[in-house]
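Residue-level structural notes
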Amino acid sequence: MTLPTVPDFVSTNDLKTKSQPPVTEAEMIQAVRTLLIGLGENPDREGLLDTPKRVVKALKFLTSGYHQSLDELLNGAVFNEDISEMVLVRDIDLFSSCEHHILPILGRAHVAYIPNGKVIGLSKIARICEMYARRLQVQERLTAQIADALQGLLQPLGVAVVVEATHMCMVMRGVQKPGSWTTTSAMRGVFADDVKTRQEFMSLIKHSNSFH
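- Per an unreviewed UniProt entry, the protein goes by the name GTP cyclohydrolase 1 and belongs to Okeania hirsuta.
- For the protein, the Catalytic activity (unreviewed entry) comment in UniProt is given as "GTP + H2O = 7,8-dihydroneopterin 3'-triphosphate + formate + H(+)".

This is the structure:
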């Protein structure tokens, strides 16, 4: 069953209504039991007795972004400031799940914007990244959602987002290429239109692909 498409900017109540699970938790637990049986396991053996419950709980946590909204995250943390210099938060750890295999996407986001009379609390930038990451994702869409959220909230002169991530669906299965990283970017406003501004941002985030 396809989950409903949730617009980037919706009220808290609208988001929660549209993202209600179509089945009960008991049905989800039973589905995990069925998967275990299909894999050749016995879900009634000691080590697996509580596994279906744990899997459902973990999946709900990893996709909790479906039940959050920008309204809730911001909580009024947008302020009027007469500045127009670049604001950059880099190396924001991201943990997401690919929508094709429900395997981990591990990486980081670098987010910058140039204010146009409004600024946002720095921690809120990280929380916006986390909200969109905690959904079933493709990296390209995740990157664009973060950029569009900030652009819509602040109407800044420009927004730039770069996401660097490694995908377990490429590392653990398929081509099995550990060490491979994917980089995606979304440029809005002056970051898209002005080469010097874009180059300044890219130079500030330049580093090797490895966790600190």
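1. Here we look at the pairing of strand 2 (residues 87-98)
- With nine bridges connecting them, strand 2 and strand 3 (residues 104-114) associate as antiparallel partners. Residue pairing across strands places D93 opposite R108, the latter belonging to strand 3.
- The turn joining strand 2 and strand 3, which pair antiparallel and follow one another in sequence, is formed by five residues; a positive phi near 50° is taken by I102.
- Where strand 2 lies against strand 5 (residues 136-137), two bridges are found, and the strand directions are parallel. Pairing of S97 across the sheet is with L136, part of strand 5.

2. Some thoughts on the packing of helix 2 (residues 25-38) against helix 3 (residues 51-62)
- Two elements in contact, helix 2 and helix 3, have axes whose closest approach is 8 Å; the angle formed by their N-to-C orientations is 115°. Once helix 2 is placed against helix 3, the crossing between them reads as right-handed. Residues E25, M28, I29, V32, R33 and L36 of helix 2 lie in contact with helix 3, whose contacting residues are T51, P52, K53, V55, V56 and K60.
- Here the contact of helix 2 with helix 3 is built from residues that sort into seven nonpolar, one polar and four charged.

3. So, the environment of R45
- Positionally, R45 belongs in the loop between helix 2 and helix 3.
- The class of R45 is partly exposed, set by a relative accessible area of 37%.
- Of the polar contacts made by the side chain of R45, one reaches the side chain of E41; its length is 2.9 Å.

Conventions used here
- Residues numbered from 1 in each chain as written.
- Predicted model: local features only at pLDDT ≥ 70, side-chain atom pairs only at ≥ 80, totals over all residues.
- Heavy atoms only, no water.
- UniProt positions renumbered as here; feature names shortened; annotations may be inferred.
- Pairing = 2+ DSSP bridges.
- Helix = DSSP H or I, 4+ residues; strand = E, 2+ residues; numbered from the N terminus.
- Axes fitted to C-alpha atoms, helices over the stretch in contact; angles between N-to-C directions.
- Left-handed = near helix turned anticlockwise from the far one by under 90°.
- Contact = heavy atoms within 4.5 Å.
- Nonpolar A, V, L, I, M, F, W, Y, C, P; charged D, E, K, R; others polar.
- Buried < 20%, exposed > 50% of the residue type's maximum accessible area, 1.4 Å probe, protein only.
- Polar contact = N/O pair within 3.5 Å; in protein donor to acceptor, adjacent residues only side chain to side chain.

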